[in-house]
Amino acid sequence: MRAIKITSVLVLFVLVMTSCSTVKVATDYDREVNFSQYQTYAFFKPGIDKAEISDLDKKRILRAIDQEMQEKGFTKSDNPDMLVSIFTKTKENVNIYNNAYGYGYGWGWHPWYWGSGYNTVSSTTEGTLYIDLIDAGKKELVWQGMGTAALSRKVEQKQERINEIVEEILEKYPPSLN
């Protein structure tokens, strides 16, 4: 009986840890655009100002985007080819686990039941970050990446988590034109 409890706890722990590290990514883009024409970028302040997150989290996201764009060979410019904007959504997920271990007799109400049963309730905040790449000359959206992941509540881990989400999203840029 004890081995079953320990195994169940370990399996639950592994599931929680692996689910926290995954980022679900989706992208969409204008198939008529030649993405090799974009060499420079700047942040689109009016769009970024509308994002409903703290200014500290905005700074974290913009730092991560800056780093990824520069690693991809883009240059930040006052006269850019491309504008970068963001917006976010959050959702609270509540998970209830019913753990009913023990020994009993029959179906339904059983007066000879022995054991322990308990519920575990946990909640996670799931965030979705949208990164929009806009043609600066035409003022048209040309690429959008979206990443959804569990967010960290610990300040020490926020920048690391945001870096991971931004990296996963921008890994899909430029789109492969197969």
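These numbers come from a predicted model, not from an experiment. (Residues numbered from 1 in each chain as written. Predicted model: local features only at pLDDT ≥ 70, side-chain atom pairs only at ≥ 80, totals over all residues. Heavy atoms only, no water.)

### Looking at the overall build of the protein chain
Okay, step 1: When helices and strands are tallied, the protein chain shows four helices and six strands.
Okay, step 2: Mapped from its N terminus to its C terminus, the protein chain presents α and β elements in the order α-β-β-α-α-β-β-β-β-α.
Okay, step 3: The contacts in the protein chain between residues at least 6 apart in sequence include a share of 72% that link residues at least 24 apart.
Okay, step 4: Surface exposure of the protein chain reaches about 12,000 Å², of which carbon and sulfur atoms provide 54%. (Helix = DSSP H or I, 4+ residues; strand = E, 2+ residues; numbered from the N terminus. Contact = heavy atoms within 4.5 Å. Areas by Shrake-Rupley, 256 points an atom, 1.4 Å probe, with all protein chains shown as cover.)

### So, the environment of aspartate 30
Okay, step 1: Take aspartate 30: it is sitting in the loop between β1 (24–29) and β2 (40–43).
Okay, step 2: Accessibility expressed as a relative area gives 28% for aspartate 30, which makes it partly exposed.
Okay, step 3: Excluding residues that lie within four positions of it along the chain, aspartate 30 makes contacts with Phe35 and Val142.
Okay, step 4: Among the polar contacts listed, one links the side chain of aspartate 30 to the backbone nitrogen of glutamate 32, at a separation of 2.9 Å. (Buried < 20%, exposed > 50% of the residue type's maximum accessible area, 1.4 Å probe, protein only. Polar contact = N/O pair within 3.5 Å; in protein donor to acceptor, adjacent residues only side chain to side chain.)

### Concerning the nonpolar core
The tendency in soluble globular proteins is for nonpolar side chains to be buried as a group.
Okay, step 1: Core analysis: the largest hydrophobic core is formed by 29 residues, its most contacted members being Ile65, Ile131 and Trp143.
Okay, step 2: When contributions to this core are tallied by element, the ones reaching two or more residues are α3 (55–71), β4 (82–100), β5 (117–135), β6 (140–150) and α4 (155–170).
Okay, step 3: Residue contacts for isoleucine 65: discarding those within four places in its chain leaves Phe43, Val84, Ile86, Ile131, Val166 and Leu170. (Core = buried A, V, L, I, M, F, W, Y, C linked by side-chain atoms within 4.5 Å.)

### Comments concerning the side chain of aspartate 57
Okay, step 1: Relative to the helices and strands, aspartate 57 resides in helix α3.
Okay, step 2: Overall, aspartate 57 belongs to the buried group, its relative accessible area being 15%.
Okay, step 3: When residues no more than four places from it in sequence are discounted, the contact partners of aspartate 57 are Lys158 and Ile162.

### Description of the environment of alanine 26
Okay, step 1: On the secondary structure map, alanine 26 appears in strand β1.
Okay, step 2: Looking at alanine 26, the relative accessible area reads 32%, which means it is partly exposed.
Okay, step 3: Residues alanine 26 and glycine 147, 121 residues apart in the sequence, show an inter-C-alpha distance of 6.6 Å.
Okay, step 4: With residues near it in sequence (within four places) discarded, alanine 26 still touches Gln144, Gly145 and Met146.

### Digging into the packing of aromatic side chains
Okay, step 1: As enumerated under the stated definition, the model contains seven aromatic pairs in all.
Okay, step 2: For the pair tyrosine 29 and phenylalanine 35, a centre-to-centre distance of 6.0 Å together with 75° between the ring planes defines the contact as edge-to-face. The residues tyrosine 29 and phenylalanine 35 share a single accessibility class, namely buried.
Okay, step 3: Each member of the aromatic cluster is reached from another via a ring pair, and the members are Tyr29, Phe35, Tyr38, Phe74, Trp143 and Tyr173. (Phe/Tyr/Trp six-rings, centres within 6.5 Å; stacked < 30°, edge-to-face > 60°.)

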